[in-house]
Amino acid sequence: MSIPNHILEQLNSQADLVSIIGRHTTLKRAGGEFKGCCPFHGEKSPSFYVNPQKNIYHCFGCSVGGNAISFLRDYENLTFIEAVNELSKQTGIEVPKEERQNVSYQRSAPKPAVPKPTTPKSSSLPSVPSSAVDQSNLSQNSTDQGGVKQSGIEPSHVAQASYDDAHSYEDYPPLDAYDSAPYPADAYGSEYSDDTSYPPAWLSDSDETINLHGMDNSADADGNLYDLLEQIQQFYQNSLTTHPHAKHYFLSRGITEDIFETFGLGYAPFGWQHLEHQFPQDIEGLKTLGLVRQSESGRDYDLLRDRVIFPIRDNQGRTIGFGGRALDDEVKPKYINSSDSPVFHKQHVLYGYYESRQQRANDWLVVEGYMDVIALYQAGIYGAIASMGTAINESQISRLLTLNPTLTLSFDGDSAGQKAAWRTLEVALPVLADDKELRFLTLPNNHDPDTFIKSQGGDAMRAQIANAIPLSQYIFAYLSERYDLTLVEGKAKLMSQVRALTMALPKGSSFKYLLNNDVYQKLGGKRSQNIEAKDALLDFDGDMTISQQLQLCFLFQPRALLEDPIESIWQQAGISDLQLPAHIKQKAASDTLRPLAWEDLQDTDLLDIVSTIKRCLRYLPADANAAAHFILSNVRPMTQETLSRSWGGFYKTLTARNILSLDELVENLVMQLLKLHLQKKMQELIKNPDHIKLAIVRKQSQLLNDWLRAQQAEQSAQMTTVKS
């Protein structure tokens, strides 16, 4: 059996290689990779690396290396075909039964130019375009299904041999070059809709035929779909520069010139046959790609017309399809994606994945639209991806969770957006092991990431992402809106649906019991003051930043500053007794080793509240509301104005729930601020290298995260589980 090369490439790039190898050896994250003892030879010191970005493995001890197919063959002793079938089951990528589709097509001979008939100016009859003069001459060569010409099928041993040759690891690069190694390109193996409209009875030929790509006039050689797609992408990109109104659309939405090039943005001109005019010898390839279609009357027409273009790339950076957006919001459908083809399968592609991978993205965010991906990228927030108008699938979620154990989903707050978020939640549950986390972000005031960044800026967006709510809170918030929780029946229905959801979690999941218990407590079990306070804060105003939430908490409970929360966390996490190598201690400035202070957070309003409370603490009245107003009267006017608008509602919410203590909530909010501060500081030190400071900040961040995980584990251990 001969497997098309592009199918082998898709299988290897989409496979969850870390999970496959993890069945046989323990892998631990080491930077952007995973490290463990080599399963192929006995060793005590791990020298076996798996790179989930490139989806390849290599052992620096025995020099074995390869990809998903090679591992299944060499370690699990599967045959080549068995390995392919196994990956097909895991990824959902179908291996064609006939094995006859490939990426080649028959190019046709150039058509002789047909001069346009000249029509006297006085005539009232329209001229007939040349494209409509001889539609009968657009004869096709014999093709198989999908318009691809059947070519000779190579024997299976030939396909397997090319696969083997492409993965020789005898000259593998040293470890320091591992991350920079190029991805293997060898051939080894909603609003989005299809356009169902048809062209008019006559076709316009107003588009100019410009041979931008130097395509020869020979029909001797077969065409290649990847090459054709690249040429079409260049044609669309060039069209953007020659059509000011299309370029203005992107500029008006805040897109900069450098982003045009990064994402290859373009424009499909108005006209029914511009692609046929531009690529007259590649009609068969255009039809195979679904970019040229046929009307009921038998006339060919272009799918994408008068739309800005978003090239869609695969994991290797090759153009495999296009998304087109109407310039006028009144035009429906607003978005059109090119059809599935031998090289493009919508359910296996994530828009923006290649570009984010090029920036070594670590935090991944699922968004709804192409413009959201681009706006986040332009703001320096890498890792945003969007599906191709279909719901993201289980294998894609599993892949993203392999790259980072926390995945954030950002969907619109309207009904359609929340339904999409819920469907994604259901799809993700089977791959949500205890060490994986799903978080949900709904931006305030009906914003999407694109509009929010334009309105509030990149830093505000980072804060929103950092403050996304966890899966457990999202499930309860979503279901509580759909059931009447004042009735016992409503509570029973909600609990029943939660149990049904948790049954989809992986076998042995402890999260199953913890989630059931958490929801049970929310429905009437005993609850801690900390949980009540968190819920009250979320219910009060989800638009507030972490800093604003903390400021209100300090107003409600100023005694929380009797013992400085930052100093307390610094000591509990062991950061104050930081153990550093001797050479770093010698070179480190004393200032870099001191405990973090409120001034270091560079938050003017928060510092104003903290310093005012510390200054006035002994003079504050006992009544919480009176004490808050006393504090507000002593802060800066701008701080006073901001907090005064929120204080009344916040105070009523907490008192209505009879909440007396915010100790744990304050600690949690301070800890989140410290994490954000250390992350931002590391980013600054990476951009402006200072290796000594960077080593210290990384160690501080590691200790803080370790302490946080220990706290969460302790809290979970104290919870009683509910028998399902």
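Remember, it's a predicted structure, so these values are computed and weren't measured experimentally.

Let's talk about the overall build of the protein chain
Regarding its fold elements, the protein chain presents 30 helices and 20 strands. Buried residues in the protein chain amount to 49% of all 724 residues. Accessible area of the protein chain: about 34600 Å², with a carbon and sulfur share of 50%.

Re the sheet that holds strand 18 (residues 406–410)
In sheet architecture, strand pairing relies on hydrogen bonds along the backbone and comes in two forms, parallel and antiparallel. Taken in spatial order, the six strands of this open sheet run 15-17-16-18-19-20, and their pairing is mixed. Whereas interior strands pair on both sides, the edge strands pair on one side only; in this sheet they are strand 15 (350–351) and strand 20 (469–470). In terms of strand pairing, strand 15 meets strand 17 (residues 384–387) through two bridges, oriented antiparallel. Of the residues in strand 17, the one forming a bridge with Leu 350 is Ser 387.

A few points about the environment of Ala 560
In this structure, Ala 560 sits in the loop between helix 22 (546–556) and helix 23 (565–572). For Ala 560 and Ser 661, which are 101 residues apart along the polypeptide, the C-alpha to C-alpha distance reads 9.4 Å.

Thoughts on helix 17 (residues 458–466)
Within helix 17, the full set of buried residues consists of Gly 458, Met 461, Gln 464 and Ile 465. Viewed along the axis of helix 17, the buried residues span an arc of 115 degrees, placing them on a single side of the element. Those residues of helix 17 that are buried lie in contact with strand 16 (364–367), helix 13 (370–378), strand 19 (437–441) and helix 16 (449–456).

Considering the sheet that holds strand 3 (residues 48–51)
If you trace the five strands from one edge of the open sheet to the other, you get 1-2-3-4-5, paired in antiparallel fashion. Because the sheet does not close on itself, it has two edges, and the strands there are strand 1 (28–30) and strand 5 (65–66). Where strand 4 (residues 56–59) meets strand 5, two bridges bridge the pair, whose relative direction is antiparallel. Bridged to Tyr 57 within strand 5 is Gly 66.

Quick notes on the packing of aromatic side chains
All chains considered together, the criterion is met by 32 aromatic pairs. A centroid spacing of 6.1 Å and a plane angle of 85 degrees characterise the contact between Phe 235 and Phe 279, whose relative ring orientation is edge-to-face. Of this pair, Phe 235 sits in helix 7 (residues 225–242) while Phe 279 sits in the loop between helix 10 (274–278) and helix 11 (283–288), and the two are 44 residues apart along the sequence. We note that Phe 235, like Phe 279, is buried. Each ring, one from Phe 263 and one from Tyr 377, has its centre 5.1 Å from the other, and the planes form 85 degrees; the classification is edge-to-face. Here Tyr 377 lies in helix 13 and Phe 263 lies in helix 9 (residues 257–263), a separation of 114 residues in the sequence. Judged by its relative accessible area of 11%, Tyr 377 falls in the buried class. Cluster of aromatic residues (ring-pair linked, three or more members): Tyr 249, Phe 250, Phe 260, Phe 263, Phe 310, Tyr 335, Tyr 351, Tyr 370, Tyr 377 and Tyr 382. Here the guanidinium or amino end of Arg 318 rests over the ring plane of Tyr 226, the centre of that ring lying 4.1 Å away. The positively charged end of Arg 482 is found above the aromatic ring belonging to Tyr 478, 3.5 Å away from the centroid.

Quick look at the pairing of strand 16
Neither face of strand 16 is exposed, since Trp 364 and Val 366 on one face and Leu 365 and Val 367 on the opposite face are all buried. Relative to strand 18, strand 16 runs parallel, the two being bridged by three bridges. Across the sheet, the residue bridging to Val 366 is Leu 409, located in strand 18. Tracing the backbone out of strand 16, into helix 13 and back to the parallel element strand 17 gives a crossover that is right-handed.

Considerations on the environment of Met 495
In this fold, Met 495 is placed in helix 19 (residues 488–502). Expressed as a C-alpha distance, the spacing of Met 495 and Leu 479, which sit 16 residues apart in the sequence, is 9.4 Å. Contact partners of Met 495, with chain neighbours within four places excluded, come to Asn 516, Val 519, Tyr 520 and Leu 523.

Some points on the pattern of salt bridges
Counting across every chain of the model gives 17 salt bridges. Here Asp 450 ties to Arg 253 by a salt bridge, and the two come within 2.7 Å at their closest N and O atoms. In this pair, Asp 450 sits in helix 16 while Arg 253 sits in the loop between helix 8 (244–252) and helix 9, placing the two residues 197 residues apart along the sequence. For Asp 450, a relative accessible area of 2% corresponds to the buried category. On the accessibility criterion, Arg 253 (21% relative accessible area) is partly exposed. Of the charged contacts, one joins Asp 608 and Arg 636 as a salt bridge, the two residues approaching to 3.6 Å between their closest N and O atoms. With Asp 608 in helix 26 (residues 604–616) and Arg 636 in the loop between helix 27 (624–632) and helix 28 (637–656), this residue pair connects regions lying 28 residues apart in the sequence. We classify Asp 608 as buried; its relative accessible area is 10%. Through salt bridges that share partners, Glu 9, Asp 314 and Arg 318 make up one connected network.

A look at helix 18 (residues 471–480)
Of all 10 residues in helix 18, seven are buried; the element is thus mostly enclosed. Leu 471, Ser 472, Tyr 474, Ile 475, Phe 476, Tyr 478 and Leu 479 are the residues of helix 18 that are buried. At its buried positions, helix 18 is contacted by helix 15 (415–428), strand 19, strand 20, helix 19 and helix 20 (511–522).

Concerning the confidence of the model for the protein chain
Counting all residues, the mean pLDDT for the protein chain is 78, and 78% of those residues have values of 70 or more. Scored below 50 in pLDDT, residues 718–724 shows 14 contacts in the model against residues more than four places distant or in partner chains.

Notes on the nonpolar core
Core analysis: the biggest nonpolar cluster contains 61 residues, and Ile 232, Phe 250, Phe 310 and Tyr 351 have the highest contact counts within it. Apart from the residues within four sequence positions on either side, Phe 250 is in contact with Leu 240, Ile 255, Phe 260, Leu 265, Gly 266, Val 308, Ile 309, Phe 310 and Met 371. The next biggest cluster of nonpolar side chains, apart from the first, holds 56 residues, and it includes Cys 553, Phe 554, Phe 650 and Leu 703.

Rules used throughout
- For every chain, the first residue of the written sequence is number 1, and numbering continues from 1 onward in sequence order.
- At least 70 in pLDDT is required for a residue's local features to be given in this predicted model, at least 80 for side-chain atom pairs to be given and counted, and no such filter applies to totals for whole chains, interfaces and linings, which use all residues.
- Each side-chain value is worked out from all heavy atoms of the structure, with water and hydrogens disregarded.
- Put simply, DSSP marks the helices as runs of H or I at least four residues long and the strands as runs of E at least two long, and each gets a number from the N terminus on.
- Summary of the burial criterion: residues with accessible area below 20% of their type's maximum are buried, those above 50% are exposed, and those between are partly exposed, where the area comes from a 1.4 Å probe applied to protein chains only.
- Per-residue accessibility takes into account occlusion by the displayed protein chains alone, with areas from the Shrake-Rupley method and a 1.4 Å probe.
- Pairing between strands is defined by DSSP: at least two bridges between the two strands are required.
- It is the directions from the helix axis to the C-beta atoms that the arc portrays.
- The criterion used for residue contact is that any of the two residues' heavy atoms lie within 4.5 Å.
- Note on aromatic pairs: the rings of Phe, Tyr and Trp (six-membered ring only in Trp) are paired at centre separations within 6.5 Å, and the planes decide the class, stacked below 30 degrees, edge-to-face beyond 60, tilted for the rest.
- For a Lys NZ or an Arg CZ to count as sitting over a ring, it must be within 6 Å of the ring centre and within 35 degrees of the ring normal.
- For a crossover, the right-handed case is the one in which the path from the first strand over the helix to the second runs clockwise, viewed with the strands pointing away from the viewer.
- Salt bridges are counted wherever a side-chain nitrogen of Lys or Arg sits within 4 Å of a carboxyl oxygen of Asp or Glu.
- Every residue is assigned a pLDDT by the predictor, reflecting its confidence on a scale from 0 to 100.
- The nonpolar core is taken to be a set of buried Ala, Val, Leu, Ile, Met, Phe, Trp, Tyr and Cys residues, with the residues joined through side-chain atoms within 4.5 Å.

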